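# Overview (structure and organization)
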Amino acid sequence: MKWINPDSPDYDPARKVFNAMIDRRPAVIAQCSNDAEVAEALRYGRDNSLAIAVRAGGHSVAGMSMNDGGLVIDVRPMKSIQVDPESGVVTAGAGLTWGEFDRATQEHALAVTGGRASTTGVAGFTLGGGSGWLERSYGFACDSLVSVNLVTADGDRVTASATENRELFWALHGGGGNFGVATSLTFQAHRLGPVVHAGLMLWPGEAAADITPAFRDLALAAPDGVGLALLYLTAWPEPLIPERMVGRMAVAMAYLYAGDPEEGSEHARPFRELGPAVDLVGDTNYADFQCSLDDPPDHYNYWSADYHDDLPDEALDLFVESARNLPDATSQQLIARWGGAVGGNLGAATPLINRNAAWVSHPYGISPTAEEGERAKAWVKDFRAKIAPYANGGVWLNFIGNEGQDRIRAAFGNGNYARLARVKRDFDPQNIFRGNQNILPAGS
Ligand SMILES: Cc1cc2nc3c(=O)[nH]c(=O)nc-3n(C[C@H](O)[C@H](O)[C@H](O)COP(=O)(O)OP(=O)(O)OC[C@H]3O[C@@H](n4cnc5c(N)ncnc54)[C@H](O)[C@@H]3O)c2cc1C
């Protein structure tokens, strides 16, 4: 175990997380290599009455995996991965990122729904549900979980699966880091790749009002194997992008077909017929595509999200209007298509409600300076207020910051929240693990 305190030379790198807005100074960071070290760190934190946060990939946009003056349990040293090529069962150490996971599993043409950014941690992402390009085929990342090994608040080692600690296993399908420190996660992976048909198509911003409803209609008709989203972004300078588009708002479609690349090309045809100015969708390695849309580090991030059962033209007008006012060249607006396996019968085994929503809207400020970050925050809030009449009240917690208890309840609904609260009471009655989208223990 490596203990890092404010006097250690590696204190600053160890406390750095993805979002540059977060500048927290814990009293001590315990970098743990196994469950015994996690239990020891937890004991130390409890004996010294320290607030405890758990950190894996460091991508909580609200910085929930860091704290001020407390203990941070950093699981990043746990990087092991075992892949059984025959059965497709994969056991991943809690310190892996999705980029690392994808490279190892793709050697055997296996995949699990992973992050849209390869730098995201497998642990935090999956425990929060885990939405990615493969979800319309295989459900969320948590839907592929076979078991999770955890160290609980008392320092006990437990396994949660369909046969052991079943309520806990259910709670870990979206209930986040509330119930213990995960040390490894076992998945049933799916046969995919290494080559898939995937990439981006881009249209100039002037076409946004036409492309947006056309995308909606085509996306609703697309087969389940197609994972896709519409993004409004600023076109970046590179040889494949016409100069007239560079530095201006553009409409992009991210596309991935989870299956035979030729079929993927066929299903991409209706979108190609919309005449993109740039068509980067083609046959590519899945693992390469997975890291091709990584967001820039060291930026100031403020994010939010809403679910939508449908998006009438008037709602789409609001997206286009908001996109015309992107606060800076790195902030983006995304409309992701759900449906397929997301809304299928896998949903019954998770606490997440609203899986039948058709769309998720996700405005995210990713700004190069603190000042622009404040402007982006106002832009995100303004968009949410405008789109509210078309939102169904549900929320995907992984896509939001610290927005309070009402939003946490909205992710689960009152019935599932009460059930999660009972699991929380059984495994963490003192709410030791509260550096997260916090579920309060029943009776507290
Ligand atoms: C650039 C970027 C892209 C993203 N893309 C997506 C996306 O496509 N789909 C999606 O669903 N989400 C996405 N997210 C959100 C991301 O999945 C969540 O913020 C997730 O919690 C990050 O996990 P992490 O391990 O990287 O983060 P951390 O900040 O390390 O952890 C976040 C929280 O997870 C919990 N946690 C982490 N590790 C453990 C552990 N070992 N045991 C118990 N609890 C733990 C803790 O509560 C912690 O506060 C993205 C975030 C960013 C910044």
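Residues numbered from 1 in each chain as written. Predicted model: local features only at pLDDT ≥ 70, side-chain atom pairs only at ≥ 80, totals over all residues. Heavy atoms only, no water.

### Section: the site of the ligand
Taken together, 33 residues are adjacent to the ligand, and Ala56, Gly58, Ser65, Ser131 and Ala182 come closest. A distance of 2.6 Å separates an oxygen atom of the ligand from a polar atom in the side chain of Ser65. For the ligand, an oxygen atom lies 3.0 Å from a polar atom in the side chain of Asn398. Taking 960 Å² as the accessible area of the ligand by itself, protein coverage stands at 96%. Residue contributions to the shell around the ligand peak at four residues, all from helix α4 (residues 122-127). Looking at the shell around the ligand, its residues break down into 15 nonpolar, 15 polar and three charged. (Near = heavy atom within 4 Å. Polar contact = N/O pair within 3.5 Å; in protein donor to acceptor, adjacent residues only side chain to side chain. Areas by Shrake-Rupley, 256 points an atom, 1.4 Å probe, with all protein chains shown as cover. Helix = DSSP H or I, 4+ residues; strand = E, 2+ residues; numbered from the N terminus. Nonpolar A, V, L, I, M, F, W, Y, C, P; charged D, E, K, R; others polar.)

### A look at empty space enclosed by the protein
Under the defined criterion, the tally for this structure stands at one cavity of 30 Å³ or more. Of the volumes computed, that of the largest cavity is approximately 30 Å³. In terms of lining residues, the largest cavity is bounded by Arg116, Gly132, Trp133, Glu135, Arg136, Gly227, Leu228, Ala336 and Arg337. Sorting the residues of the lining of the largest cavity by element identifies α5 (135-138), β13 (226-234) and β19 (332-337) as the ones contributing at least two each. For the lining of the largest cavity, a count of residues per class yields three nonpolar, two polar and four charged. Domain assignment of the residues forming the lining of the largest cavity places at least three in each of domain 2 (81-192) and domain 3 (195-399). (1 Å grid on protein atoms, 1.4 Å probe; cavity = no way out; pocket = protein on both sides within 12 Å on 5 of 7 lines; lining within 4 Å. Points joined across faces, edges and corners; volume = space filled by probe spheres on them. Domains from an automatic or database assignment.)

### Regarding a nonpolar patch on the surface
A cluster of nonpolar residues, Met1, Trp3 and Tyr44, forms a patch on the protein surface that exposes about 260 Å² of accessible area. On the secondary structure map, Trp3 appears in strand β1 (residues 2-4). (Patch = residues over 30% accessible without salt bridge, like charges linked within 9 Å, V, L, I, M, F, W, Y side chains within 5 Å. Salt bridge = Lys/Arg side-chain N within 4 Å of Asp/Glu carboxyl O.)

### What to know about the sheet that holds strand β3 (residues 52-55)
Strand order in the open sheet formed by four strands is β1-β2-β4-β3, and the pairing between neighbours is mixed. Edge positions in the sheet fall to β1 and β3, since each of these pairs with one other strand and no more. The sheet shows a mean angle of 20° between the axes of neighbouring strands, taken without regard to direction. Pairing of β1 with strand β2 (residues 28-31), which is carried by three bridges, proceeds in the antiparallel orientation. Residue pairing in the sheet places Ile4 in a bridge with Ile29 of β2. (Pairing = 2+ DSSP bridges. Axes fitted to C-alpha atoms, helices over the stretch in contact; angles between N-to-C directions.)

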